[in-house]
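Listed below are the residues making up each chain.
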Amino acid sequence: MSKQNGFHVVTPLLESTGMSKRIGTTVYLKMESSQPTGSFKIRGIGYMCQNVANSKKSKGVVCSSGGNAGMATAYAARKLNLPATIVLPSSTPQLVAQKLKDQGATVKVVGKVWDDANAEALRLAESEDLTVIHPFNHPLVWKGHSSIVHELNASLPSKPGAIVVSVGGGGLFCGIMEGLDEMGWGDVPILCMETVGADCLNVAWKARDLVTLPDITSEATCLGAKTACRQAFEYSKRPNVISEVVTDLQALEAVELFLGKFISVIKAIKQLNNNKACYAVDCCVLYSDEERVLVELACGASLAAVYSGVIQRLQEEGRLPKPLDSLVMIVCGGGSMNLAQLQHLQAVIRK
Amino acid sequence: MSKQNGFHVVTPLLESTGMSKRIGTTVYLKMESSQPTGSFKIRGIGYMCQNHSWIKIRFFPTVFVCIGGNAGMATAYAARKLNLPATIVLPSSTPQLVAQKLKDQGATVKVVGKVWDDANAEALRLAESEDLTVIHPFNHPLVWKGHSSIVHELNASLPSKPGAIVVSVGGGGLFCGIMEGLDEMGWGDVPILCMETVGADCLNVAWKARDLVTLPDITSEATCLGAKTACRQAFEYSKRPNVISEVVTDLQALEAVELFLDEERVLVELACGASLAAVYSGVIQRLQEEGRLPKLLNSLVMIVCGGSSVNLAQLQHLQAVIRK
């Protein structure tokens, strides 16, 4: 549809007044939520699928993700008239399978958990001569994702002071690092955000070794890689990379704020007056944070870097400069979110 | 921020699988909700501010005055980018949040009177007494010219001429800009479906009366569509054979906002819901059955005008009021 290279669009880079006020510098939102299929995945996966179509080496693509990677694969394959098979475990909601079929993909339901589906995807690749599209661990995917940095370079008035990104398996992170190196921006601080319980990069970073999590215990299932890809682990050793985690609750609050939960912060002064306590409202600070977009919990992890004060804390600890020369928030988005899912997460996380 | 002309961004044009399934042809969403300040207004108002200042600031300090929500936000933003002062006049019926957002953009905010007309009268008075440049939310050729950029972007992104375009109409500024752009593209025969809500339907009433009519009052909750009179240019364009004017209820617009949030994950204003309802409430399908739109429609472009004076609290308020 777009006459440019690949199947992604050049996404808006918007100033967030709310976030800018909170951290005292301009915060730019790179709205990957506005991509076809709702997340940044279409960049790298679209690029890889195009490669497959051009090389004519296989008869189609296969992917074992029901989430954003699967949707991006199905979409790119449809645009390329390339057959796509998505293999899902039986635990996947029916709605997901339907959305993939709407994109023209063949959907196969195999086994109970992701590992079963993935094993089947690998088997099909072998037996039916299909190319496996990995959600994050492939140089072509990273190269496709690196386009995001080229767009930043075209839009920003100057090199950003820091970039914030959510990390699942690390594919987007790798793409960004690759793009930054190409731009000569290799020293820009990168804040990698994960959630507690889906923090494979943070655990590896602390252990200085590639570690496999025993399980994913966060609700941010899109970040649910048990092991970060090796390339991401290697990049994380660089001095400009900071790895932080937030709780599911902080990620959820970030999602809500970003959508449009109006909050007011009242500074109260408690005065003791003849054994009577009375409160005086010192000032009422209204933060209008809404950007009116509903993103996935995984995306909330990076938004929480501002909303939950991670940036401010890092500045106080001297790990980020004070003042910061603009912050770019990669709003990774996420297409498998709706109001029912938001309500479900609110119930589960706040129980 | 963008190195291009104006202050708007080239917005994404995304296929809506949900809408496409409903009407049996590809529906493209032109995501004006992704503009700086959250609506398409920045196109025309940004263009007008930029062009005014180019001429005026060489000789006089230029201050812009504008009335109301989205237009005010666009004016304040453009003025800040141009390092020019802006005064936004609001009626007291405007939510406090809007005033705060305007101040965050560096604008001076004046709250005057109760309804839009009071604020407008004050804006004109200020323009006179303090030599301010009035930025009209919809009734100015520079605003229409700025809005016409949307059609140039469609031309660059679409594989072929669209089968129809759907747009919400308040005062008709966006509609005029689109018609101007379509003429420039040689797409002057593309069916345009102008959507309004009952009670904020100045264009529909004028279209039916074949005369520019002023509504006695705005009774719809879609206050962003709340112009009592369409601009004359919009009325003139509405006479063309390819223009269709339809109205939906506030409830249909609200349901459209809710469905859009759920399916496309973006929260828009009720005014925007009016155009979304063209698909969600079956207006397209009915027009096809009536033979007023081709049955085999060659893609539909939905202008998602957006709107920034909405959040979850406002949505809940609308749900309570409209569904009472």
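Scoring rules and cut-offs
- Residues numbered from 1 in each chain as written.
- Chains lettered and ligands numbered in written order.
- Predicted model: local features only at pLDDT ≥ 70, side-chain atom pairs only at ≥ 80, totals over all residues.
- Heavy atoms only, no water.
- Helix = DSSP H or I, 4+ residues; strand = E, 2+ residues; numbered from the N terminus.
- Rg over C-alpha atoms; globule rule 2.2 N^0.38 Å.
- Contact = heavy atoms within 4.5 Å.
- Areas by Shrake-Rupley, 256 points an atom, 1.4 Å probe, with all protein chains shown as cover.
- Lys, Arg positive; Asp, Glu negative; His and termini not counted.
- Charge placed at Lys NZ, Arg CZ, Asp CG, Glu CD.
- Buried < 20%, exposed > 50% of the residue type's maximum accessible area, 1.4 Å probe, protein only.
- Buried area = accessible area lost by both parts, 1.4 Å probe.
- Salt bridge = Lys/Arg side-chain N within 4 Å of Asp/Glu carboxyl O.
- Polar contact = N/O pair within 3.5 Å; in protein donor to acceptor, adjacent residues only side chain to side chain.
- Nonpolar A, V, L, I, M, F, W, Y, C, P; charged D, E, K, R; others polar.
- Axes fitted to C-alpha atoms, helices over the stretch in contact; angles between N-to-C directions.
- Left-handed = near helix turned anticlockwise from the far one by under 90°.
- Phe/Tyr/Trp six-rings, centres within 6.5 Å; stacked < 30°, edge-to-face > 60°.
- 1 Å grid on protein atoms, 1.4 Å probe; cavity = no way out; pocket = protein on both sides within 12 Å on 5 of 7 lines; lining within 4 Å.
- Points joined across faces, edges and corners; volume = space filled by probe spheres on them.
- Expected span 1.5 Å × (residues − 1).

Novice: Explain the overall build of chain B to me, please; I cannot follow it from the model alone.
Specialist: Looking only at helices and strands, one finds 14 helices and 10 strands in chain B. For chain B, whose C-alpha radius of gyration is 19 Å, the value lies close to the compact-globule estimate of 20 Å for 324 residues. Here the contacts in chain B between residues at least 6 apart in sequence split such that 70% fall between residues at least 24 apart. On chain B, roughly 12,100 Å² of surface is accessible, and the fraction owed to carbon and sulfur atoms is 53%. Taken as two groups, the 29 positive and 30 negative side-chain charges of chain B have centres that lie 3 Å from each other.

Novice: Help me out: how do you make sense of the environment of T195 of chain A in this one?
Specialist: All names here are of chain A. Following the sequence through the fold, T195 ends up in strand β8 (residues 190–195). Residue T195 is classed as buried on the basis of its relative accessible area of 0%. C-alpha separation for the pair T195 and E290, spaced 95 residues apart in sequence, amounts to 22 Å. Look past the residues within four positions of T195 in its chain and what remains in contact with it is S218, A220, L223, V245, V246, T247, D248, A251 and A301.

Novice: I'm lost on the interface of chain A and chain B in this one. Help?
Specialist: You'll often see interface size given as the accessible area lost when the parts meet. Listed by partner, the interface residues are 43 residues for chain A and 42 residues for chain B. Of the roughly 3,200 Å² buried between chain A and chain B, counting both surfaces, carbon and sulfur atoms make up 53%. Here K21 of chain B ties to D102 of chain A by a salt bridge, and the two come within 3.0 Å at their closest N and O atoms. Where chain A touches chain B, the interface holds 13 residue pairs in polar contact (both at pLDDT 80 or more). Taken together, the residues of the side of chain A that touches chain B sort by class into 19 nonpolar, 15 polar and nine charged.

Novice: Is there a simple way to explain the pattern of salt bridges in this structure?
Specialist: Side-chain pairing between opposite charges can occur once the charged atoms of the two side chains come close. All names here are of chain B. This model, assessed by the stated rule, comprises 36 salt bridges over all chains. E153 serves as the salt-bridge partner of K30, at 2.8 Å between the closest nitrogen and oxygen. Here K30 is found in strand β2 (residues 27–31), whereas its partner E153 is found in helix α7 (residues 149–157), with 123 residues between them in sequence. Each of the two residues, K30 as well as E153, counts as buried.

Novice: Any chance you could explain the packing of helix α11 (residues 250–264) of chain B against helix α14 (residues 312–322) of chain B here in plain terms?
Specialist: How two helices pack is summed up by the angle between their axes together with the distance between the axes. Residue and element names in this part refer to chain B. Between α11 and α14, the shortest axis-to-axis distance is 10 Å and the interhelical angle comes to 145°. Of the two possible hands of crossing, α11 and α14 adopt the one that is left-handed. On the side of α11, the interface is formed by D250, L251, L254, V257, E258 and L261, while α14 contributes L315, L318, Q319 and I322. Looking at the contact of α11 with α14 residue by residue, the classes come out as seven nonpolar, one polar and two charged.

Novice: Whenever I open this one, the packing of aromatic side chains confuses me. Can you help?
Specialist: The geometry of an aromatic ring pair is captured by two quantities: the separation of the ring centres and the angle between the planes. Within the structure shown, the criterion is met by two aromatic pairs over all chains. Taken together, a centroid distance of 6.1 Å and an interplanar angle of 70° make the contact between F173 of chain A and Y235 of chain A edge-to-face. Here Y235 of chain A lies in helix α10 (residues 230–235) and F173 of chain A lies in helix α8 (residues 171–183), a separation of 62 residues in the sequence. Note on accessibility: F173 of chain A and Y235 of chain A belong to one class, buried. Their ring planes at 70° and their centres at 6.2 Å tell us that F175 of chain B and Y237 of chain B sit as a pair that is edge-to-face. Of the two residues, F175 of chain B is situated in helix α8 (residues 173–185) and Y237 of chain B in helix α10 (residues 232–237); the sequence distance between them amounts to 62 residues.

Novice: Any chance you could explain empty space enclosed by the protein here in plain terms?
Specialist: One way to see where empty space is left: roll a probe the size of a water molecule over the atoms. Residues and elements named next belong to chain B. Counting across every chain of the model gives one cavity of 30 Å³ or more. If you add up the space inside the largest cavity, you get close to 30 Å³. As for the largest cavity, its lining consists of G69, M73, V98, K101, S308 and S309. If you list the elements that add at least two residues to the lining of the largest cavity, you get α3 (69–81) and α4 (96–104). Looking at the lining of the largest cavity residue by residue, the class counts come to two nonpolar, three polar and one charged.

Novice: Help me out: how do you make sense of helix α2 (residues 41–55) of chain A in this one?
Specialist: Owing to its 3.6 residues per turn, the α-helix brings residues three or four apart onto one side. All names here are of chain A. Given a rise of 1.5 Å per residue, 15 residues ought to cover 21 Å, and the 21 Å separating the end C-alpha atoms of α2 matches this to within 8%. Of all the positions in α2, only K41, I42, R43, G44, I45, G46, M48, C49, V52 and A53 are classed as buried. Those residues of α2 that are buried lie in contact with β2 (27–31), β3 (61–63), α3 (68–80), β6 (131–132), α6 (139–145) and α7 (147–155). Of the residues flanking the end of α2, it is K56, one or two places downstream, whose phi is positive at about 55°.

That is the geometry; function is a separate question.
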